[in-house]
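So you can see what is in the structure, the chains are spelled out below.
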Amino acid sequence: MTENHYHFYASSVSQWATTNDKRDLRQLLKLMDKDGYSYNLFLVPGKHTDPYEIAMYQPMVKDTQWLGHYEVKEK
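Bear in mind the structure is a predicted one, so any value in this text is a computation, not a measurement. Every chain is numbered on its own, with residues counted from 1 as its sequence reads. Local features are withheld for residues below a pLDDT of 70 in this predicted model, meaning they are given only at 70 or higher, and side-chain atom pairs are given and counted only at 80 or more; totals for whole chains, interfaces and linings count all residues. As a rule here, side-chain values come from all non-hydrogen atoms in the structure, and water together with hydrogens is ignored.

1. Section: the pairing of strand E3 (residues 39–45)
Argument step 1. As judged from the 6 bridges shared by strand E1 (residues 6–11) and E3, these two strands associate in the antiparallel manner. Counterpart to Phe8 in the pairing with E3 is Leu43.
Argument step 2. What makes two strands pair is DSSP finding at least two bridges between them. Helix and strand definitions here come from DSSP, where helices need a minimum of 4 consecutive H or I residues and strands a minimum of 2 consecutive E residues; each element is numbered from the N-terminal end. Note: E3 against strand E6 (residues 65–70), 5 bridges, orientation antiparallel. If you follow Tyr39 over to E6, its bridge partner there is Tyr70.

This is the structure in structure tokens:
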């Protein structure tokens, strides 16, 4: 079994969350959409349990990739 050496990190003005052992990317996006605020999504090298700094709602990890800004769909 291959262990992931990356995780997804999403943040809005209201909350932040990551993928982890119990939450995959689909579940992360659903959680962020449910919150009702637009958010940014990042692919972060390293495990979700690795410590790292956050500045201006962004993970401060070398080689982090910004994947986009997501707007909440109008109901």
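2. Section: the packing of aromatic side chains
Argument step 1. When the centres of two rings from Phe, Tyr and Trp lie within 6.5 Å, Trp using its six-membered ring, the rings pair. Their planes under 30 degrees apart give stacked, over 60 give edge-to-face, and anything left gives tilted. Per the stated rule, a full pass over the model turns up 4 aromatic pairs.
Argument step 2. Residues Tyr9 and Trp16 carry aromatic rings whose centres are separated by 6.0 Å and whose planes lie at 20° to one another, so their mutual orientation is stacked.
Argument step 3. Categorising residues by exposure relies on relative accessible area from a 1.4 Å probe, with only protein chains included: less than 20% of the type maximum marks a residue as buried, more than 50% marks it as exposed, and the intermediate range marks it as partly exposed. We classify Tyr9 as buried; its relative accessible area is 2%.
Argument step 4. Judged by relative accessible area, Trp16 falls into the exposed class, the value being 57%.
Argument step 5. With 5.5 Å between their ring centres and 15° between their planes, Tyr39 and Tyr70 make a pair best called stacked. Here Tyr70 lies in strand E6 and Tyr39 lies in strand E3, a separation of 31 residues in the sequence.
Argument step 6. Each residue in the set Tyr9, Trp16 and Phe42 is aromatic and connected to the rest through ring pairs, giving one cluster.

3. Some details on the pattern of salt bridges
Any two side chains of opposite charge can pair if their charged atoms end up close together.
Argument step 1. When a carboxyl oxygen of Asp or Glu lies within 4 Å of a side-chain nitrogen of Lys or Arg, that pair is called a salt bridge. With the rule as written, the count across this model stands at 1 salt bridge.
Argument step 2. Between Arg26 and Asp24 there is a salt bridge, with its nearest N and O atoms 3.9 Å apart.

4. What to know about the nonpolar core
Argument step 1. Counting residues in each nonpolar core, the largest one holds 7 residues, listed as Phe8, Ala10, Ala17, Leu28, Met32, Tyr39 and Leu41.
Argument step 2. Residue assignment for this core shows that the elements contributing at least two residues are E1, helix H1 (25–35) and E3.
Argument step 3. Apart from residues no more than four positions distant in its own chain, Leu28 is found in contact with Phe8, Ala10, Ala17, Thr18, Thr19, Arg23 and Leu41. By convention a nonpolar core is built from buried Ala, Val, Leu, Ile, Met, Phe, Trp, Tyr and Cys residues, the set being connected through side-chain atoms within 4.5 Å. Residue contacts are counted whenever heavy atoms from the two residues lie within 4.5 Å of one another.

5. Focus: the sheet that holds E3
Argument step 1. Across the sheet, which stays open at both edges, the 4 strands sit in the order E2-E1-E3-E6 with antiparallel pairing between neighbours. For this open sheet the edge positions go to strand E2 (16–18) and E6, each flanked by a neighbour on one side alone. The sheet shows a mean angle of 20° between the axes of neighbouring strands, direction not considered.
Argument step 2. With axes taken as lines fitted to C-alpha atoms, and helix axes fitted only over the stretch in contact, angles between N-to-C directions fall between 0 and 180 degrees. Packed onto the sheet, H1 meets E1, E2 and E3 and runs at close to 150° relative to E3.

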